[in-house]
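The lines below spell out each chain.
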Amino acid sequence: MSTNRAFYLGYHVSASGGYMAMAGRAESLGANTFAFFTRNPRGGAALKADESDAAAFRAHWSGGEKGPLVAHAPYTLNPCSDKEGVREFARLAFTEDLARMELTPGCFYNFHPGSHVGQGTEAGIAAIAALLNEVLTPDMHTTVLLETMAGKGSEVGGRFEELREILDRVTLREKMGVCLDTCHVWDGGYDVEDMDSVLTEFDAVIGLSRLRAMHLNNSLNDRGSRKDRHAKLREGRIDPEALVRVVRHPALAGRPFILETPNDDAGYAAEIAWLRERWEAEA
Ligand code: FE
Ligand code: FE
Ligand code: ZN
């Protein structure tokens, strides 16, 4: 399952119906990994935690070349809000989600670090690290990923240095990693068309071993726009060939690549087929 020839490629599937239903949807579009929201993005009801469904999924997913899942926390999860109720929701949702993730050991739980809403980046970083130090446990089987952000508004995580500062303050650092979103880092000012330079900088600031998953998106906006508007792979401001180079980059081999492009099922199937063809032709 983890040869260096593995190419794990998937997209965000709807969580409805549980794990086997998600796997069926993903596989029908040619994906061999997938992402899903652990609860609806507005923060309501969580994905149903059904042990027999999860057991069937674990058995199903262990055969053949299948990549680790990249679950996504709700957008409303903000550990560094200035409102006590919002911070409390972050703590509860994180705790519940990590418990549910134990049904699928060895996967990733990705979250947007947070928005400091005017309290300052330093205060934001401190609050995010404090939450992680509350909810991570030594015996968990999930790796928690900080997502690289576009730096929109008061978002924390628009610079690699900010993610590094969070990681530095987490006691159980071995449970942590980073998910790099190509749209976000482009909007944040990093040149995705020269991925060697981006990864060299990532390695110097955070360390490449911490880079565990990729969100593969094009951007509607110019580099440095700090906007965070995703585009289809072949329709944005990033040269599509640069995105092919990203999935083929030797330093990223074996990571799951997740599409978060504005597509319907047919559009995802087409992007998956295109990327896999390019990867196989030139790998
Ligand atoms: Fe995200
Ligand atoms: Fe993303
Ligand atoms: Zn985004």
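As the structure is a computational prediction, the values presented were derived from the model and not from experiment.

A closer look at the coordination of the iron ion (ligand 1)
- Only His 72 (NE2), His 112 (NE2) and Glu 147 (OE) from the protein reach the iron ion (ligand 1) as donors, at distances of 2.1 to 2.2 Å.
- Sequence spacing of the donors to the iron ion (ligand 1): H-x39-H-x34-E.
- In this structure, the iron ion (ligand 1) is positioned 3.2 Å from the iron ion (ligand 2), and both are ligated by Glu 147. Here His 112, found in the loop between strand E4 (108–111) and strand E5 (114–115), pairs with Glu 147, found in strand E6 (residues 143–147); they are 35 residues apart in sequence, far enough to count as distant.

Things to note about the coordination of the iron ion (ligand 2)
- Bound to the iron ion (ligand 2) on the protein side are Glu 147 (OE), Asp 181 (OD), His 215 (ND1) and Glu 260 (OE), at distances that span 2.1 to 2.2 Å.
- Bound by 4 donor atoms, the iron ion (ligand 2) shows angles of 83 to 171° at the metal and therefore irregular coordination geometry.
- Mapping the donors of the iron ion (ligand 2) onto the primary sequence gives the spacing E-x33-D-x33-H-x44-E.

Details of the nonpolar core
- Judged by nonpolar contacts, the single largest core of 78 residues is most densely connected at Phe 34, Phe 94, Leu 132 and Val 144.
- Contacts of Phe 34, omitting those with residues within four sequence positions, involve Tyr 11, Val 13, Met 22, Ala 23, Ala 26, Phe 57, Trp 61, Leu 69, Val 70 and Ile 258.
- One finds Ala 35, Leu 145, Ala 213 and Ile 258 within the second-largest nonpolar core, a separate group that totals 7 residues.

Here's the deal with the pattern of salt bridges
- Applying the stated rule across the entire model yields 17 salt bridges.
- The salt bridge partner of Arg 87 is Glu 84, with a shortest N-O separation of 2.8 Å. A residue pair is termed a helical-turn pair when its members lie 3 or 4 positions apart in one helix, as Arg 87 and Glu 84 do in helix H3 (residues 84–101) at 3 residues.
- Overall, Arg 87 belongs to the partly exposed group, its relative accessible area being 29%.

A closer look at the sheet that holds strand E12 (residues 256–259)
- Reading across the sheet, the 8 strands line up as E1-E12-E9-E8-E6-E4-E3-E2 and stay open at both edges, with parallel pairing between neighbours. For this open sheet the edge positions go to strand E1 (8–11) and strand E2 (35–37), each flanked by a neighbour on one side alone. Taking the axes of each pair of neighbouring strands and ignoring which way they run, one obtains an average angle of 30° across the sheet.
- Here strand E9 (residues 211–216) pairs with E12 via 3 bridges, running parallel.

What counts and how
Residues numbered from 1 in each chain as written. Chains lettered and ligands numbered in written order. Predicted model: local features only at pLDDT ≥ 70, side-chain atom pairs only at ≥ 80, totals over all residues. Heavy atoms only, no water. Donors = N, O, S within 2.8 Å, 3.2 Å for Na, K, Ca; no water. Helix = DSSP H or I, 4+ residues; strand = E, 2+ residues; numbered from the N terminus. Tetrahedral: all angles 85-135°; square planar, octahedral: opposite > 155°, others 65-115°. Core = buried A, V, L, I, M, F, W, Y, C linked by side-chain atoms within 4.5 Å. Buried < 20%, exposed > 50% of the residue type's maximum accessible area, 1.4 Å probe, protein only. Contact = heavy atoms within 4.5 Å. Salt bridge = Lys/Arg side-chain N within 4 Å of Asp/Glu carboxyl O. Pairing = 2+ DSSP bridges. Axes fitted to C-alpha atoms, helices over the stretch in contact; angles between N-to-C directions.

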